[in-house]
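For reference, the chains in residue letters:
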Amino acid sequence: MAVPSPSAPAVRTEGLGKRFGPTEAVVDLSLTVPPGEVFGFLGPNGAGKSTTIRLLLGLLRPTTGSAWVFDAPAGEVARAHRRLAYVPADVSLWPSLTGRECLDLLAGVGPGTDLAYRDQLLERFALDPDRRARTYSSGNRQKVALVAAFATRAPLLVLDEPTSGLDPLMEREFRACIAEAAERGQTVFLSSHQLAEVELACSRVGIIREGRLVEVTGLAELRRLRRAEVVADLSTPAPELQRLAALPGVSDLRWPTPVRLELSLTGPPGPVLRALADADVAHLEMREPSLEEIFLDYYGQGPA
Amino acid sequence: MTTRTPSRPAPAALPATSRSAGRAVTGAAVRQVRRGTAVVAAVCGGLTALVVVQYRGLDGAVGIGSLTALAENPAIRTLFGPPVALDDPGGFTVWRTGTVLAVLVGTWAALTATRLTRGEEEAGRWDLLLAGRLRLRSLVARTLVVVLAAAAVTGAAAGLGLLLAGAAGPGAAVFGGVLAGTGTVGAALGVLAAQLLPDRRSASGLAVAVLLGGLLARMVADGVPALGWLAWLTPFGLLGRAAPFATDRPAPLLVLALLAAVPAVLAVVLAGGRDLGGSRVAGRDRRTAHSRLLTSLPGLALHRTRRALGTWAAGLMAYFLLIGLLATAMTDFLRANPFFARLAAQAGFAQLGSVEGYVSALYALLAVPVGVFAAGRIAATAADEAAGRLALLYSLPVGRSRWAATEAATVAAASVVLAGAGGLATWIGTSWVGAGLGLGDALAGALGVLPVALLCLGAALAALGWAPAAVLPIGVLPAAGGYVLLVLGDTFGWPGAVRWFSPFAHLNAVPAEPVDVAGGLGMLAVAGVLALAGCLRYARRDLLG
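Being a predicted model, the structure only gives us computed values, none of them experimental.

Each value, and the rule that gives it
Residues numbered from 1 in each chain as written. Chains lettered and ligands numbered in written order. Predicted model: local features only at pLDDT ≥ 70, side-chain atom pairs only at ≥ 80, totals over all residues. Heavy atoms only, no water. Contact = heavy atoms within 4.5 Å. Salt bridge = Lys/Arg side-chain N within 4 Å of Asp/Glu carboxyl O. Polar contact = N/O pair within 3.5 Å; in protein donor to acceptor, adjacent residues only side chain to side chain. Helix = DSSP H or I, 4+ residues; strand = E, 2+ residues; numbered from the N terminus. Nonpolar A, V, L, I, M, F, W, Y, C, P; charged D, E, K, R; others polar. Phe/Tyr/Trp six-rings, centres within 6.5 Å; stacked < 30°, edge-to-face > 60°. Buried < 20%, exposed > 50% of the residue type's maximum accessible area, 1.4 Å probe, protein only. Lys NZ or Arg CZ within 6 Å of the ring centre and 35° of its normal. Pairing = 2+ DSSP bridges. Axes fitted to C-alpha atoms, helices over the stretch in contact; angles between N-to-C directions. Core = buried A, V, L, I, M, F, W, Y, C linked by side-chain atoms within 4.5 Å. Disulfide = S-S within 2.5 Å. Domains from an automatic or database assignment. Patch = residues over 30% accessible without salt bridge, like charges linked within 9 Å, V, L, I, M, F, W, Y side chains within 5 Å. Areas by Shrake-Rupley, 256 points an atom, 1.4 Å probe, with all protein chains shown as cover.

Across the boundary between the two partners, chain A contributes 38 residues, which contact 39 residues of chain B. A salt bridge links lysine 18 of chain A to aspartate 542 of chain B; the nearest nitrogen and oxygen atoms lie 2.6 Å apart. In this assembly, chain A and chain B are joined by 15 residue pairs in polar contact (both at pLDDT 80 or more). Counting residues per element, the ones that place at least two in the side of chain A that touches chain B are strand S1 (11-20), helix H2 (77-80), strand S6 (84-87) and helix H3 (99-109) of chain A. With seven residues, the single largest contributor to the side of chain A that touches chain B is H3 of chain A. Partitioning the side of chain A that touches chain B into residue classes produces 18 nonpolar, eight polar and 12 charged.

Moving on to the packing of aromatic side chains. Taken as a whole, this structure holds nine aromatic pairs over all chains when the rule is applied. The interplanar angle of 65 degrees and the centroid separation of 6.4 Å between the aromatic rings of tyrosine 394 of chain B and tyrosine 538 of chain B together place this pair among those described as edge-to-face. Of the two residues, tyrosine 394 of chain B is situated in the loop between helix H14 (355-386) and helix H15 (400-432) and tyrosine 538 of chain B in helix H20 (residues 517-540); the sequence distance between them amounts to 144 residues. Residue tyrosine 394 of chain B shares its accessibility class with tyrosine 538 of chain B, and that shared class is buried. Aromatic rings pair up to connect Phe39, Phe41 and Phe189 of chain A into one cluster. The lysine or arginine in question, arginine 83 of chain A, covers the ring of phenylalanine 70 of chain A, its NZ or CZ lying 4.3 Å from the ring centre. Its guanidinium or amino end placed over the ring of tyrosine 117 of chain A, arginine 153 of chain A lies 4.1 Å from that ring's centre, counting from NZ or CZ.

Residues and elements named next belong to chain A. In spatial order, the strands read S12-S13-S11-S14; together these four strands make up an open sheet with antiparallel pairing. Among the strands making up the open sheet, the edge pair consists of strand S12 (250-257) and strand S14 (281-287). Strand-to-strand twist across the sheet, computed as the mean angle between neighbouring axes with direction ignored, equals 15 degrees. Pairing of S12 with strand S13 (residues 260-265) involves four bridges; the strand directions are antiparallel. Counterpart to valine 250 in the pairing with S13 is leucine 265. Seen against the sheet, helix H9 (residues 270-277) touches strand S11 (228-234), S12, S13 and S14 and runs at an angle of roughly 165 degrees to S14.

Applying the stated criterion across every chain yields a total of 28 salt bridges over all chains. Across the salt bridge formed by arginine 12 of chain A and glutamate 14 of chain A, the nearest N and O atoms sit 2.9 Å from each other. Close ionic contact of glutamate 121 of chain B with arginine 274 of chain B constitutes a salt bridge, the shortest N to O distance being 2.7 Å. In this pair, glutamate 121 of chain B sits in helix H4 (residues 89-122) while arginine 274 of chain B sits in the loop between helix H10 (251-272) and helix H11 (297-325), placing the two residues 153 residues apart along the sequence. For glutamate 121 of chain B, a relative accessible area of 4% puts it in the buried group.

Moving on, we come to helix H1 (residues 49-56) of chain A. The element H1 of chain A is largely enclosed, with a buried count of seven among its eight residues. With its phi angle positive at about 75 degrees, glycine 58 of chain A sits one or two positions after the end of H1 of chain A.

Okay, the environment of alanine 379 of chain B next. Mapped onto the fold, alanine 379 of chain B is located in helix H14. According to the relative accessible area criterion, alanine 379 of chain B is buried, its value standing at 19%.

A few words now on the nonpolar core. Membership of the largest hydrophobic core comes to 151 residues, with the highest contact counts inside it found for Phe150 and Phe189 of chain A. Here the element with the most residues in this core is H14 of chain B; it accounts for 15 residues. Once you skip the residues sitting within four places of it in the chain, phenylalanine 150 of chain A turns out to touch Tyr117, Leu121, Phe125, Leu157, Phe174, Cys177 and Ile178 of chain A. Counting residues in each nonpolar core, the second largest holds 64 residues, with Val25, Leu116, Leu192 and Phe245 of chain B among its members.

Let us look at the state of the cysteines. In the structure shown here, the tally under the stated rule is zero disulfides over all chains. Cysteine 456 of chain B takes part in no disulfide bond, and the closest cysteine sulfur to it belongs to cysteine 535 of chain B, at a distance of 16 Å.

According to the domain assignment, chain A contains domain 1 (11-224) and domain 2 (227-287). Here the C-alpha centre of domain 2 of chain A lies 40 Å away from the C-alpha centre of domain 1 of chain A.

To continue, consider H3 of chain A. Buried residues dominate H3 of chain A, accounting for nine of its 11 residues. Listed in full, the buried residues belonging to H3 of chain A are Gly99, Glu101, Cys102, Leu103, Asp104, Leu105, Leu106, Ala107 and Val109 of chain A. Tucked inside the fold, the buried residues of H3 of chain A contact helix H4 (115-124) and helix H5 (138-152) of chain A together with H11 of chain B.

Position of threonine 154 of chain B among the secondary structure elements: in helix H6 (residues 136-164). Within polar-contact distance, the side chain of threonine 154 of chain B engages the backbone oxygen of alanine 151 of chain B at 2.6 Å.

It is worth spelling out the side chain of glutamate 37 of chain A at this point. Residue and element names in this part refer to chain A. By secondary structure assignment, the location of glutamate 37 is in the loop between strand S2 (23-33) and strand S3 (38-42). For glutamate 37, a relative accessible area of 12% gives the class buried. Residue contacts for glutamate 37: discarding those within four places in its chain leaves Gln186, Thr187, Val188, Ser203 and Arg204.

The next subject is a nonpolar patch on the surface. Residue and element names in this part refer to chain B. On the surface, Leu321, Leu325, Leu424, Ile428, Trp432 and Leu439 cluster together into a nonpolar patch covering about 540 Å² of accessible area. When contributions to the nonpolar patch are tallied by element, the ones reaching two or more residues are H11 and H15. Top contributing element to the nonpolar patch by residue count: H15, with three residues. The exposure class of leucine 321 is partly exposed, given its relative accessible area of 33%.

A few words on the domain arrangement of chain B. Domain boundaries assigned for chain B yield domain 1 (21-281) and domain 2 (293-545). Distance between the C-alpha centres of domain 1 of chain B and domain 2 of chain B: 25 Å.

What follows covers the pairing of S2 of chain A. Residues and elements named next belong to chain A. Pairing geometry for S1 and S2, over seven bridges, is antiparallel. For lysine 18, the partnering residue across the bridge sits in S2 and is valine 26. Hairpin connection, S1 to S2: the antiparallel pair is bridged by two residues, and glycine 21 has positive phi, about 60 degrees.

In structure tokens, the structure reads:
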């Protein structure tokens with residue numbers, strides 16, 4: 001087996017495409033993730049995130065293009081999968097096996113597992129491994145897959161919406177594990193539809209929409225993407241607040257009624273709050289826009 | 001589903017909504033059974049009609065002396081049920097096809113019942129249904145009614161087949177009623193097992209085991225006069241007691257209805273007081289001792305196969321032990337009654353007069369369960385794939401063809417063990433009655449059917465590659481379809497070119513005849529090509545789930 005060069009990209013796709021009948025699930029996706037990076041793969045439901053990951057794992061065959069894991073073609077799983085660990089979005093286990101039996105199986109068949117670290121992870125994720133898989137909630141099944149994946153210390157972790165079933169405490173533990181993995185130099189390919197999760201963990205993100213990679217950007221640019229929606233209800237009309245439009249970071253000032261204003265805000269909120277302090281504000285709400293809203297803003301058309 | 005509460009309550013509309021919720025659930029269940037019902041009904045109607053037509057072709061009446069001898073022979077009674085009204089086309093058809101069709105209809109109904117109840121519940125689809133207006137008990141009751149009705153349709157089809165082929169009306173009605181009753185017993189057992197056990201596979205196993213246990217009970221009842229009353233407790237025994245085309249007794253039909261009603265009522269009652277997803281007999285949810293097999297691919301394959309192998313081996317050994325115990329009674333009888341030996345030869349059972357001929361004829365039957373076992377194991381792999389259980393395994397450095405080959409090798413080895421267990425049980429039985437069959441002959445005959453079972457394995461692997469949704473039906477085709485093809489071909493004197501397509505045409509009656517080496521190797525080669533092509537295609541196609 002050829003040893004991959006240390007500089008080989010952890011993930012590389014060229015013109016990757018997958019068509020299911022008339023549906024184009026992934027179109028012409030070219031992406032490179034260098035080793036050691038924590039890469040966020042963002043997109044709304046049905047955008048093609050899981051399909052891309054399944055193509056990367058060789059579970060699906062691409063209609064066009066190719067994918068490589070550390071320069072090993074994705075289809076050659078015996079080579080490519082020596083250097084990765086995977087957590088699916090929806091973890092299914094054999095119902096009659098216990099959690100420990102599932103973990104032993106994955107460790108025994110997989111490319112190698114740090115058993116001491118695995119025991120530590122079981123503690124941290126508060127998972128009872130002696131229960132049969134059929135008694136596990138979806139969150140607990142996800143924990144089994146997460147423990148198995150982190151314990152391999154594989155150079156590449158492919159995580160497909162791994163926190164969808166976890167509670168906030170476990171999400172925090174998950175983020176700590178990601179940070180430890182990044183410190184050890186592992187590459188993380190994290191798919192998610194939650195901006196906040198990606199923002200906390202990742203150094204670079206790719207955004208996929210309707211099967212197409214529409215943006216690959218660093219975290220600083222992501223913060224620019226991140227704007228707040230401000231809604232203020234006034235007790236009395238305050239025409240002088242028109243000047244809000246001139247403040248830095250404010251865009252798209254709207255007046256649905258004379259006593260309600262809405263605006264989009266990027267950057268620190270201080271100037272807007274100072275301006276509002278002079279008016280008679282009855283109710284103030286600041287809300288992060290959903291990923292979908294950002295997409296609508298940036299790409300100017302509704303989702304399919 | 002139409003079980004949403006309307007946002008603005010309209011009191012007059014509520015009863016209508018509730019009714020349509022029930023109707024929608026019933027409709028969904030009907031959609032899930034209709035294709036299978038149509039296939040089983042066509043087999044029942046078609047086979048009975050064919051055999052009636054075949055009997056007319058025999059052209060010779062069965063002598064009354066032969067008839068009496070046949071009825072009194074314990075071996076005949078044990079294997080095929082009490083032969084009555086053999087001088088009537090309908091009566092002969094019931095004797096020839098009754099047990100086979102009853103097993104088919106009962107097993108199919110039981111498997112359908114567990115699929116529609118525990119299977120749907122396990123997949124989480126009932127969570128959605130029960131979020132609406134319906135309660136668990138009424139959902140179980142409605143599904144039960146649909147499966148009972150489907151089972152009744154198949155019985156009616158068999159009766160109709162007899163009628164259309166010209167058999168007598170009352171006899172056709174009684175036989176149709178017994179088959180429908182057997183199906184409803186299977187369906188009720190399936191729904192009951194689904195309330196008792198937490199997963200579909202074990203519920204199916206329990207229901208089918210109880211049903212086929214009834215077949216063994218019938219064999220004991222007909223073979224041991226003191227235990228004759230056992231026949232009243234099993235659908236297969238009641239088939240003989242109802243005696244279609246002879247006495248056409250209605251009382252056994254009433255008992256059969258009772259046999260179906262008890263588990264049906266029990267199932268609905270038990271459904272009322274349990275949690276969704278829970279079961280009456282809860283397995284242990286925790287287990288600290290863990291299997292040491294589960295650290296490698298072959299270990300996993302072995303772990304997945306061993307329980308199924310144990311269950312199948314126990315059932316087959318019980319059956320073939322009985323076959324062995326009957327050896328001398330059967331061979332003595334056939335030597336004394338050449339007419340029946342001729343009849344048996346026409347049905348594909350040649351040389352029944354010697355113990356070797358007798359066991360080799362029954363070993364041909366062994367190919368069917370071993371083939372079904374092999375195809376069933378590959379079907380379980382396909383089901384794991386559809387449920388997404390293989391995604392984690394395939395994220396390891398495990399090629400799909402490697403896993404499929406590991407599974408196939410394990411299943412092939414298990415098939416050898418299963419066939420060997422059948423041979424061993426036969427030998428134990430024949431030794432017990434001193435029939436003079438050597439252990440080597442007993443094992444050689446049983447293992448001789450393996451090419452057919454491995455052909456099933458090959459077909460199932462090909463289906464895994466090209467048609468993963470139909471692994472079981474395609475996989476059992478070489479054994480079950482081939483057997484029917486050969487029997488029909490022999491009966492109607494079809495040309496050799498047609499018979500050639502049946503794998504059984506390439507098996508010799510071992511140990512009565514030497515092994516057909518060329519035929520066996522040919523089948524193994526076909527099985528190997530199918531398996532190889534299936535594994536390669538499996539590795540190249542998209543993974544489901």
